[in-house]
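# Coordinates in review
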2 protein chains.
Amino acid sequence: MLPVTHLHAVIMAGGSGARFWPLSRECDPKQLLSVFGTQSLVVQTIQRIRPFLGMRPNPVCVVTNEQLVGPLRRHLDETVAGSDTTMRFLVEPVGRNTAPALAYAAAVLQAEDPDALLFILPSDHILEGNGAWADTVQAAVLLAQNNFLATIGLTPTRPETGYGYIVAGEELNIGQVGQAHPRRADRFVEKPDRIQAEALLEIPKVYWNAGIFCFRAETLLAELAVQGSQGQQIVETCQALASDPPEAWLTDRHRERFAALPACSIDTVVMEHSSRVAVIPANLQWQDVGSLLALESLGTADANGNIRIGRGVDIASNDVTIYTTERLVATLGVENLLVVDTRDATFICPKDRCQEVRAVVEALRQIGAMELTEPCVRMRRWGRWETLLRGSRYQIKLIEVYPGAQTALQRHQQRSEHWVVVEGTAVVWRDDEIITLSASESLFIPPGTAHSLTNIGTGMLKMIEVQVGDDLSEGDTERLKLETMKEMVQ
Amino acid sequence: MLPVTHLHAVIMAGGSGARFWPLSRECDPKQLLSVFGTQSLVVQTIQRIRPFLGMRPNPVCVVTNEQLVGPLRRHLDETVAGSDTTMRFLVEPVGRNTAPALAYAAAVLQAEDPDALLFILPSDHILEGNGAWADTVQAAVLLAQNNFLATIGLTPTRPETGYGYIVAGEELNIGQVGQAHPRRADRFVEKPDRIQAEALLEIPKVYWNAGIFCFRAETLLAELAVQGSQGQQIVETCQALASDPPEAWLTDRHRERFAALPACSIDTVVMEHSSRVAVIPANLQWQDVGSLLALESLGTADANGNIRIGRGVDIASNDVTIYTTERLVATLGVENLLVVDTRDATFICPKDRCQEVRAVVEALRQIGAMELTEPCVRMRRWGRWETLLRGSRYQIKLIEVYPGAQTALQRHQQRSEHWVVVEGTAVVWRDDEIITLSASESLFIPPGTAHSLTNIGTGMLKMIEVQVGDDLSEGDTERLKLETMKEMVQ
């Protein structure tokens, strides 16, 4: 399949991730976590749609909120920037659920490109399927080009009450691509109760609504506008916003207007009522990372229903899920428990109450707990770093650099850094010096010195960094251009 | 009270501490832990009896087993050596419970000093009481000098089924010292069931047997010998052993003979039958560190019965005890749970099953888990160190040195060490150099270099040590005499 002209990926990345603590942090919401794979969920989402996008500027829109736009921008800048994907960030003036958010994206993109085709992807899904996925995307695009609102339907595996269901009707003759056989969507059922859900599973051609959509911007806005006054208000507000230049989108005027919109989902406002909705049943390995129990997909249950990810032992427990990154967790005789263990914090609750972790997050916020805000591990384009220990005047990090990769060039005024190479070989730039460091060698980086290091070995470079100083925050990091350094050392 | 001639402290320190994992480790049994106070339980025990001992050599005997004698010797050498207390270690040829162990100590001490008076102290108790304690010790010594087997009785606070009880009779006219009013012990009840325990609490003058005894070596051996063939066999075996020189005590001959002894407690063989037993009711704050639930004494229960030691939050839990050293543990809606969290391992079980942690320890042994053998924190006379992270070729420690204290002088052949001072000021000896290091300064200690550091500041010296090399074990540590260094630098 060739890249599709006018196709825009719209990545929904506004979730705060409070339900994923202690893995997620305030500045590290779950879409930024690389728990499920080597890349973060948001990067996986972008890479999933990237092969189908054209080479024009900004084929990816990341829809998020004001709190997360900074962390997301840095994260994507450091993990996918430099690739051929460019992206823009659409910041919701006020959080108002998916109908206003998608109308906002549609209005903005349509103002630039009247033929804009939007492919909507939540950023907290795990999805695999290669061929089936490619066929599904292509079918969705064909449907959208024919003014359908295309949705993706997944085969339900249990009477889940947390999802929406789609009852499919006749097969359509548009968008028949390989494994993809789209049908008309006859009926939507949003979050049924248990009895309804069980009844739905008895019906043939019933699917879970994956929250993945494809439509022309024009189609969405037109279908919204015909769905009564709520829809009209949303369309007018978003179009008024899009007709202003981007720097005006977060002014008080638009904020107030946006805040006055009803907070409603695209499913209830459009999909349940429109006659132009198609569903593409897709055989994909899919998972919604909606709660910490999603971690269960990373392991396999033993005979007693226990799932363990990471090191540990268990004696006589039942229905226990334990996730631990590097520490050992030993359990004895416990039941129906979820344990999530990270370097600096552990969370323990009954499995069926894990959604209530929000209350724990709120309690931590009230005591100003560092474990709510500070991330432990940061993925970078060149590798990763991890905080091992923080004191009032020191911080110790383990820095790992991929073979051939070079860290950002930076300078601090308030702290000195002490580097000890433990594995591999590094070439360090320190102001105008070039220094080679092998395992067990160390180097002092005084305050005010520009520095960067490159892994010149074939394996990972592992280094301990001991920072000492009065200000150890990110605020004392001055980013420099690598070119500056190259000039200095030549 | 003056030091008592012929008085020997016999510290019972043979427990493996498996019931205290993950706080205890194989080489760090609970008597070596400083969880309950700034000093370890065994050091607290020695300090408790030290004021009453004379200045002759070896007033303290530590009775232990072959596995623990090395760690205990190092620990005591580094925490109480250099004081005026000297000690010896009596290694049980084979573990055979308290009757053979005490007879062994009595036989060995009597062979040297026919008038030896033994004060027996378990090393896993917490005990406070100042004046009451001094009176109790003095009373016990007076009773022992008059050929009584003196025991200490504690006022029971609950119908505990895990302890022995002493029913006291008439007041004695020997050993009336201050608050101490000894009585004849009429009856011993070993680990009663719940109904028996409740009935015992109804009787006046009933006490818990603290396992603290005082007697002349001669009295114990004589009372043992009259208690039938078991007692005679124990006395003969121990006296035969004591008549050989110490280097023969662990030969196969004695091991086999010792192994043939019945494994029985001093209570069942002697105390329950002898008419020479006295009990000193003592008003002491006492606690037996028999299981992880002993940690509860470090905190206070909230309205829901939850006890928290360390940082964390809880939402809606009941009867939960959480011990955490530095990491945060958050709980939500759990019941009757014990959580013990250390830097490298966490243990979770229902509170009433915490004794079964032994099964976890066994499971960890079978997988060769480092978290069973390696301690995280080591107390030293000069301060403490803590392992922050271990890799295959590196190890990072946080070293803290008391003001004015100097670390051991040592040398490694296989590893280099990198020191970064984070707080305070140190003077370092590195071979024949003397180097002053202030906060944020660092120093490289190459392999083969003798080194030691002294905290010359008024607060704690905090230092990060990064070790890199192929052999990071204790085996590559060569201890040097401080005098050598003093000669070198003069």
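Rules used in this analysis
Along each chain, numbering runs from 1 in the same order as the chain's sequence is written. Each chain takes a letter, starting from A, and each ligand takes a number, starting from 1, following the order in which they are written. Residue-level local features of this predicted model are given only where pLDDT is at least 70; pairs of side-chain atoms are given and counted only at 80 or more, and the full residue set underlies all totals for whole chains, interfaces and linings. Side-chain calculation: all heavy atoms of the structure are included, whereas hydrogens and water are not. Under the DSSP-based scheme used, a helix requires at least four consecutive residues in state H or I and a strand at least two consecutive residues in state E, with every element numbered from the N terminus. Partly exposed describes any residue whose relative accessible area lies between the buried limit of under 20% and the exposed limit of over 50%, with all areas from a 1.4 Å probe on protein chains only and scaled to the type maximum. When checking whether two residues touch, look at their non-hydrogen atoms; a contact exists if any pair is within 4.5 Å. To be clear on the numbers: accessible area is Shrake-Rupley with a 1.4 Å probe, and residue cover counts the displayed protein chains and nothing else. In summary, the charge assignment counts Lys and Arg as positive and Asp and Glu as negative, without counting His or the chain termini. Positions of charges follow a simple convention, taking NZ of Lys, CZ of Arg, CG of Asp or CD of Glu. Only when DSSP finds a minimum of two bridges between them are two strands counted as paired. Least-squares fitting of one copy onto the other uses the C-alpha atoms of those residues that reach a pLDDT of at least 70 in both copies. Summed over both partners, buried area is the accessible surface (1.4 Å probe) that two parts give up on being assembled. Any carboxyl oxygen of Asp or Glu within 4 Å of a side-chain nitrogen of Lys or Arg constitutes a salt bridge here. Ten residues, namely Ala, Val, Leu, Ile, Met, Phe, Trp, Tyr, Cys and Pro, are considered nonpolar, four, namely Asp, Glu, Lys and Arg, are considered charged, and the remaining ones, Gly among them, are considered polar. Only the stretch in contact is used when a helix axis is fitted, and all axes are lines through C-alpha atoms; the angle between N-to-C directions ranges over 0 to 180 degrees. In this description, a disulfide is simply a cysteine sulfur pair whose atoms lie within 2.5 Å. Angles below 35 degrees are treated as roughly parallel, those above 145 as roughly antiparallel, those between 65 and 115 as roughly perpendicular, and all remaining angles as oblique. In this scheme the crossing of two helices becomes right-handed for a clockwise turn of the near helix relative to the far one and left-handed for an anticlockwise turn of less than a right angle. For Phe, Tyr and Trp, rings pair up if their centres lie within 6.5 Å, where Trp contributes its six-membered ring, and each pair is then called stacked (planes under 30 degrees apart), edge-to-face (over 60) or tilted (otherwise). Look at NZ for Lys and CZ for Arg. If either is within 6 Å of the ring centre and within 35 degrees of the ring normal, a charge sits over the ring. Where each domain starts and ends follows an automatic or database-derived domain assignment.

### As for the overall build of chain A
Looking only at helices and strands, chain A has 12 helices and 28 strands in total. Its C-alpha atoms put chain A at 70 × 60 × 45 Å along the principal axes. Counting all 490 residues of chain A, 57% fall into the buried class. The long-range fraction of contacts in chain A, counting pairs at least 24 apart against all pairs at least 6 apart in sequence, stands at 70%. Put simply, chain A shows about 19300 Å² of open surface, and 48% of that area lies on carbon and sulfur atoms. Averaging the positions of the 44 positive and the 60 negative side-chain charges in chain A gives two centres separated by 0 Å.

### Notes on the pairing of strand β17 (residues 345–350) of chain B
The two faces of a sheet get side chains in turn, since along a regular strand they alternate between them. Counting buried positions along β17(B) yields 6 of 6 residues, so the element is predominantly enclosed. Two elements, strand β15 (residues 328–332) of chain A and β17(B), share 4 bridges in a ladder whose sense is parallel. Its bridge partner being in β17(B), A:Leu328 is matched across the sheet by B:Ala345. In this sheet, β17(B) lies alongside strand β16 (residues 337–341) of chain B in antiparallel orientation, the contact comprising 5 bridges. Pairing of B:Val339 across the sheet is with B:Ile348, part of β17(B).

### Some thoughts on the relation of the copies chain B and chain A
Note on the copies: chain B fits chain A at an RMSD of 0.2 Å, the axial shift is 0.1 Å, and the rotation between them is 179°. The superposition of one copy onto the other is thereby described by a two-fold rotation axis. Considering only C-alpha atoms, the part of chain B nearest the rotation axis is B:Leu388, at 3.8 Å.

### A look at the side chain of A:Ser317
The topology assignment puts A:Ser317 in the loop between β13 (312–315) and β14 (321–324). In contact with A:Ser317, not counting residues within four places along its chain, are A:Asn304, A:Asn306, A:Thr331, A:Leu332, A:Gly333 and A:Val334.

### A closer look at the interface of chain B and chain A
Opposite the 56 residues of chain B that make contact, chain A presents 56 residues. In total, chain B and chain A occlude about 4400 Å² of area from one another, counting both sides; carbon and sulfur atoms represent 67% of this. By the criterion of area lost to chain A, the three top residues of chain B are B:Arg327, B:Leu332 and B:Ile348, representing 15% of everything that side buries. Remark: the boundary between chain B and chain A carries 4 salt bridges. Notably, a salt bridge pairs B:Arg311 with A:Glu371, separated by 2.5 Å at the nearest N-O pair. Of the residues contributing to the side of chain B that touches chain A, the split by class is 36 nonpolar, 9 polar and 11 charged.

### Remarks on the sheet that holds strand β20 (residues 394–401) of chain A
Residues and elements named next belong to chain A. Read across the sheet, 6 strands follow the order β18-β19-β20-β27-β22-β25 without closing on themselves; strand pairing throughout is antiparallel. Across the chains shown, the open sheet's two edge strands, defined by having one partner strand only, are β18 (377–380) and β25 (442–445). When the angles between neighbouring strand axes are averaged without regard to direction, this sheet yields 20°. The pairing of β18 with strand β19 (residues 383–390) spans 4 bridges and is antiparallel. Bridge pairing links Arg380 to Gly383 in β19.

### Focus on the state of the cysteines
Residue and element names in this part refer to chain A. Scanning the model with the defined rule gives 0 disulfides over all chains in all. Free of any disulfide, Cys214 has its nearest neighbouring cysteine sulfur in Cys61, separated by 14 Å. No disulfide involves Cys264; its sulfur sits 10 Å from that of Cys238, the nearest cysteine. Residue classification places Cys264 among the buried positions, given a relative accessible area of 9%.

### Section: the packing of helix α3 (residues 98–112) of chain A against helix α7 (residues 228–243) of chain A
Residue and element names in this part refer to chain A. Two elements in contact, α3 and α7, have axes separated by 8 Å at closest approach and are oriented at 40°. Comparing the axis directions of α3 and α7 gives the class oblique. Here α3 runs over α7; the crossing is right-handed. Of the residues in α7, those touching α3 at Ala99, Pro100, Ala103, Tyr104, Ala107, Val108, Gln110 and Ala111 are Ile234, Cys238, Gln239, Leu241 and Ala242. Residues belonging to the contact of α3 with α7 are distributed by class as follows: 11 nonpolar, 2 polar and no charged.

### Things to note about the packing of helix α1 (residues 41–49) of chain A against helix α2 (residues 66–79) of chain A
All names here are of chain A. Direction vectors running N to C along α1 and α2 enclose 60°, while the axes themselves pass 10 Å from each other. It follows that α1 is oblique to α2 by the angle criterion. In the crossing of α1 with α2, the sense of the turn from one axis to the other is right-handed. In this structure, α1 uses Val42, Val43 and Ile46 to contact α2, whose residues at the interface are Leu72, His75, Leu76 and Thr79. Grouping the constituent residues of the contact of α1 with α2 by class yields 5 nonpolar, 2 polar and no charged.

### Observations concerning the pattern of salt bridges
Residues and elements named next belong to chain A. What the rule picks out here adds up to 50 salt bridges over all chains. One salt bridge in this structure joins Asp344 and Arg25, with 2.9 Å as the shortest N-O distance. Of this pair, Asp344 sits in the loop between β16 (337–341) and β17 (345–350) while Arg25 sits in the loop between β1 (7–12) and α1, and the two are 319 residues apart along the sequence. For the pair Asp344 and Arg25, one class covers both residues: buried. The shortest N-O distance in the salt bridge between Glu218 and Arg216 comes to 2.7 Å. Of the residues examined, Arg216 reaches a relative accessible area of 15% and is grouped as buried. When salt bridges with common partners are traced through the structure, they connect Arg343, Arg384, Glu386, Glu400 and Lys462 into a single cluster.

### What about unusual backbone geometry?
All names here are of chain A. In this structure, the amide linkage connecting Trp21 to the following residue, Pro22, adopts the cis form with an omega of 10°. Along the polypeptide, Pro22 turns up in the loop between β1 and α1. The phi dihedral of Ala316 is positive, around 60°, even though this residue is not glycine. Structurally, the position occupied by Ala316 is in the loop between β13 and β14.

### Quick notes on the packing of aromatic side chains
The tally for this structure, following the rule as stated, stands at 17 aromatic pairs over all chains. With centroids separated by 6.3 Å and ring planes inclined at 70°, the aromatic side chains of A:Trp21 and A:Phe347 adopt a geometry described as edge-to-face. Taken as a pair, A:Trp21 in the loop between β1 and α1 and A:Phe347 in strand β17 lie far apart in primary sequence, 326 residues in all. Judged by its relative accessible area of 0%, A:Phe347 falls in the buried class. Measuring from centroid to centroid gives 5.4 Å for A:Tyr163 and A:Trp286, while their planes differ by 70°, and the two rings are edge-to-face. Placement of A:Tyr163 in the loop between β6 (149–154) and β7 (164–171) and of A:Trp286 in strand β11 (residues 285–288) is noted, with a sequence separation of 123 residues between them. The burial state of A:Tyr163 is the same as that of A:Trp286; both residues are buried. Each member of the aromatic cluster is reached from another via a ring pair, and the members are B:Tyr163, B:Tyr165, B:Trp208 and B:Trp286. The side chain of A:Lys397 reaches across the aromatic face of A:Trp385, ending 3.7 Å from its centre.

### Description of the sheet that holds strand β22 (residues 415–423) of chain B
All names here are of chain B. Taking strand neighbours across the sheet as the criterion, the 6 strands line up as β18-β19-β20-β27-β22-β25 in an open arrangement whose pairing is antiparallel. Either end of the sheet is taken by a strand with one partner, and the two such strands are β18 (377–380) and β25 (442–445). Strand after strand, the sheet turns through a mean of 20° between neighbouring axes, direction not considered.

### What about the domain arrangement of chain A?
All names here are of chain A. Domain boundaries assigned for chain A yield domain 1 (7–288), domain 2 (298–366) and domain 3 (382–489). Here the C-alpha centroids of domain 1 and domain 2 sit 31 Å apart. Taken residue by residue, the interface counts 9 residues in domain 1 and 14 residues in domain 2. Overall, the association of domain 1 and domain 2 removes approximately 1100 Å² of surface from exposure, summing both partners, and the carbon and sulfur fraction of that is 69%. The largest per-residue losses of area from domain 1 upon contact with domain 2 belong to Arg19, Trp21 and Pro22, which jointly make up 51% of the total buried on that side. The interface formed by domain 1 and domain 2 holds 1 salt bridge in total. Of the residues in the side of domain 1 that touches domain 2, the class split is 6 nonpolar, no polar and 3 charged.

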